[in-house]
Structures are given as C-alpha cells and as structure tokens.
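Chain residues, written in single-letter form:
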Amino acid sequence: MAKVSFRYGLSLFFMSVIPGAWRRTAAGAGLLAADGTVAPTIFAEMSAAAARTGAINLGQGFPDEDGPVEVLEAARAAIAGGANQYPPGRGVPDLLAAISEHQRRFYGLDIDPDREVIVTAGATEALTAALLALIDGPDDEVVVFEPYYDSYAAAVALAGAKLVTVPLRAPGFQPDLDRFAASVSDRTRIILVNDPHNPTGAVFGAEVLTEVVRLAQRHDAVIITDEVYEHLAFHAPHMPIATLPGAAERTLTISSAGKTFSTTGWKIGWIHGPAALITAVLTVKQYLTYVNGSPFQPAIAAGLRLPDAYFADAAAALSRKHEILGAGLRAAGFTVLPPQGGYFTVADATDIGGADSAAFCRALPEAAGVVAIPLSAFVSEAHRDAYTGLVRFAACKRVEVLEEAAARLAAFGR
Ligand SMILES: Cc1ncc(COP(=O)(O)O)c(C=O)c1O
C-alpha cells in the first residue's frame, strides 16, 4: 500500500513540474486539476464503468456493426494488392478524385482534387492541423457554438488561441443571432461550426449558416466547418456552408468516412477549401502524421461512389434507431429532445432525479445498466450549470441493443 501511494505521489510530483503545451491542452479540455494532475476523459471513465458493470455503452459514438461490404472488401483487396506503404502526402489520387466527385454530386461544389483537398487521419487531425496552421498567437480568437465536440477546446488551447463560446440552448439548440454577432470581432481568426451537431443533434437553419458567412466576411475570419454527420441529417438534405454565396473562398470543410461508412477505427478524413488555405494546413499536417491508412483510402473512395440509396438508407436506419431509443427514454420519464441529425439523442433527466446529470450518469450504469454522458462534458467549466439535467445517448448501435437499452431504461424509470 505504502509503495502504491509513494508511486502515486511521485507521479503527481512529476506531472506538476513538467512544463509544456500539454498543460494548456488539458486545461482547455477541462481535465487539469489544481494539483497538476490530469483527469481521464468522461468517455474513458464511462467506458470503464460499462466494462465493470456490464452496462450497455451508449456513451461513446461508435457503431457496433460493420459498414458496407463493398467498402470492407475494397480494403481487403487493397492490402492483398500491396497498398501497404506510405501513400502520397495529400492522399491517394483515387480518393482525392472521389472526394471531389462526391462534393459535386451531393452539393454542386467544384473542388480541384490536386490542389484543394487533402486526406487526413480522421476529421480530428484535419481540425487540429487547421487550427495549428491558422492561429498566430494568444490574441487570436476561435468562436464556437457551445456545447461542442470535446476535441475543439483542447485543440484551440494547444494552438494557443482563446475560445469564445456562443450558447446553444434546449430545446432547439439554435444560437441567438444577436449574441453570436456580439461574439465575433476583428480578433476572431476562425469561426468553427459543426453541422449536424454533436452533442445536441441540431441542424443549423439557413439563417444561422448565412450569419456565419456574413460575420466571417465582415471580420475577415476563416470558417472551419466540421460536417462528419453530413449523410446523417434526418429531415432535409445537408447544406454545407461552402455552398453559400461568398463562403467557399474562406471556408475549410472537414468530413470523415467514420460516421458515413461505420469505419470510425480507420480514421480516414479529409479537408477541402481554397488552395492557399489547404497549403497552410498541409504544411502542418505533414509533420503530424504525414500520411495514414493506405489500404483504407481506396476503400473509402469506393464508399463515396456508392449509389444514392446507400446514403439515404443510412440516414433512415439511424433515424429509426433514435425513435427506438427515444421511446425507451420517454417510458423512463426523460424529456426527449429529438435530434435532427447525427449519432446522439439528448434527453432531460430532471424529472427522474437527474437534475445533476453528471452524478446521474455516474450512477446510471449500476442503477439502469446503461451508460450515457452528461451534456456538461461538452461545455466549458464556467457554463456547466446551464446544461445540468441534460444527458447524451448514442443511437448508433444495433436495433436489438437499443431495444434492450430502452427496456432497461423504461424499467429503471418505473
Ligand atoms: C463532431 C465530430 N467531429 C469529429 C469527430 C471525429 O472524427 P474522426 O474520427 O474522423 O476523427 C467526431 C467523432 O465523434 C465528431 O462527433
């Protein structure tokens, strides 16, 4: 016992004295304690709770079934065919061409595959590389809607800029446009938008997207848009910001194969935009991973060329899963805030004793046999109180798993 606490004490000592950018990254993510130690992310904590208790893990957003067989087969064939060494720095030409074709086919966007797009290690690397490339110092500000996907605050902090948040409030999770306008200034280097939105499930209205472009033009900011759920919008076709008048010349559009083809572990993402911005991002990206996923790149090219029905079916199947989950949550007494897109349903647990959703989620694996994440995990520390009561559940699981989770939740609520 004494030995364990000695070791623990030693690691505390080292953590508190090691200087470096890791500290501001951890602080940006809300993980740095006053004594210098780093807390595990809530996802690690909740996945451990799922493993310990046998609870159904609706915490982290990854599918529990394989994506299209054509895509999986293409990866196997690529490995067998020898695509096992470094691909070109910008990405395999066939995938660059397929991304360009995809953007034209679905959105009418015209992208030069040789100069205006690069393949990245998931959307996460695209985002971090873009922030590191474009942020110039501590006076630069990055405006985001809050709650936000958890890597945003960490990457903005690593890049050394200031995060400026604009709240999204239940039930609709659309920003107040006056508040948004007041948050953007000449210090704003980047407006970072995620649409469809994780964790809230919001899809932003045309007036919000138009305001993003107007404010970016007015203050000469770059727009970075994270569209990883582009094919999982339930009520209307996805509208990339880059398609709006005046947007393309200042927008970096990020997406990823992970959500669209249920290949989150392959980490194939991409970023496209004007050649000068893409060159800036590539300059940083080439010293992060350089390249990744050679055999997966041609497989994702095959995926992006699948017929329209594949994409429509993927959205319809996920929407149905949200309905199953939502029914279970309602039966348990949650107030459900139905998503318009993406992997997650947000529900209010206040009426069933979940007014403190962080404590509620810590108890839920034991109490109900289900793991979920409090929305406060996607909010800066100062703003957590505004989101208490709200809980995020992943719907990207097999129907039978969701039905079992729904039954457990309903039994728990009774
Ligand atoms: C909004 C958002 N952006 C980016 C990512 C990460 O994408 P990737 O796995 O391609 O890095 C996720 C994954 O959950 C996400 O929800």
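What counts and what doesn't
- Residues numbered from 1 in each chain as written.
- Predicted model: local features only at pLDDT ≥ 70, side-chain atom pairs only at ≥ 80, totals over all residues.
- Pairing = 2+ DSSP bridges.
- Helix = DSSP H or I, 4+ residues; strand = E, 2+ residues; numbered from the N terminus.
- Axes fitted to C-alpha atoms, helices over the stretch in contact; angles between N-to-C directions.
- Contact = placed C-beta atoms within 7 Å.
- Parallel < 35°, antiparallel > 145°, perpendicular 65-115°, else oblique.
- Left-handed = near helix turned anticlockwise from the far one by under 90°.
- Nonpolar A, V, L, I, M, F, W, Y, C, P; charged D, E, K, R; others polar.
- Near = placed C-beta within 6 Å.
- Domains from an automatic or database assignment.
- Expected span 1.5 Å × (residues − 1).

Draft legend 1. Layout of the sheet that holds strand S5 (residues 188-194). Taken together, the seven strands give an open sheet; going across it, the order is S2-S8-S7-S6-S5-S3-S4, and neighbouring strands pair in mixed fashion. Only two strands of the sheet have a single neighbouring strand rather than two, namely strand S2 (117-121) and strand S4 (162-167). Between one strand axis and the next, the sheet turns by 25° as a mean value, whatever way the strands run. Here strand S3 (residues 141-146) pairs with S5 via four bridges, running parallel. Each residue of the ladder has a partner; that of valine 143, found in S5, is isoleucine 191. With respect to the sheet, helix H9 (residues 206-218) is in contact with S5 and strand S6 (222-226), its orientation differing from that of S5 by roughly 170°.

Draft legend 2. Focus on the packing of helix H4 (residues 69-80) against helix H12 (residues 296-304). H12 packs onto H4 with a crossing angle of 150° between their chain directions and a minimal axis gap of 8 Å. With respect to their mutual orientation, H4 and H12 come out roughly antiparallel. Judged by the sense of rotation from one axis to the other, the crossing of H4 with H12 is right-handed. Here Glu70, Val71, Ala74, Ala75 and Ala78 of H4 lie close against H12, whose contacting residues are Phe296, Pro298, Ala299, Ile300, Ala302 and Gly303. Across the contact of H4 with H12, the residue classes break down as nine nonpolar, one polar and one charged.

Draft legend 3. Quick look at the site of the ligand. Neighbouring the ligand are 14 residues; Gly122, Ala123, Thr124, Asn198 and Ser256 lie closest to it. Looking at side-chain class alone, the shell around the ligand contains three nonpolar, nine polar and two charged residues.

Draft legend 4. Expanded view of the domain arrangement of the protein. Segmenting the protein into domains produces domain 1 (18-66 + 310-413) and domain 2 (69-304). Measuring from the centre of the C-alpha atoms in domain 1 to the corresponding centre in domain 2 gives 24 Å. Contributions of two or more residues to the side of domain 1 that touches domain 2 are made by helix H2 (21-28), helix H13 (308-332), strand S10 (344-348) and strand S13 (390-394). Grouping the constituent residues of the side of domain 1 that touches domain 2 by class yields 21 nonpolar, nine polar and five charged.

Draft legend 5. How the structure looks around helix H3 (residues 42-53). Relative to the 16 Å expected for 12 residues at 1.5 Å per residue, H3 spans 16 Å between its end C-alpha atoms, a close match to the ideal helical length. Downstream of H3 by a residue or two, glycine 54 has a phi angle that is positive, lying close to 75°.

Draft legend 6. Inspection of unusual backbone geometry at higher detail. Backbone torsion omega between aspartate 195 and proline 196 reads -10°, so that peptide bond is classified as cis. With respect to the element layout, proline 196 can be found in the loop between S5 and H9. Going from asparagine 198 to proline 199, the amide bond is cis rather than trans, its omega being 15°. Mapping proline 199 onto the fold places it in the loop between S5 and H9. The phi dihedral of serine 262 falls on the positive side, at around 50°, and the residue is not glycine. Within the secondary structure, serine 262 sits in the loop between helix H10 (257-260) and strand S8 (268-272).

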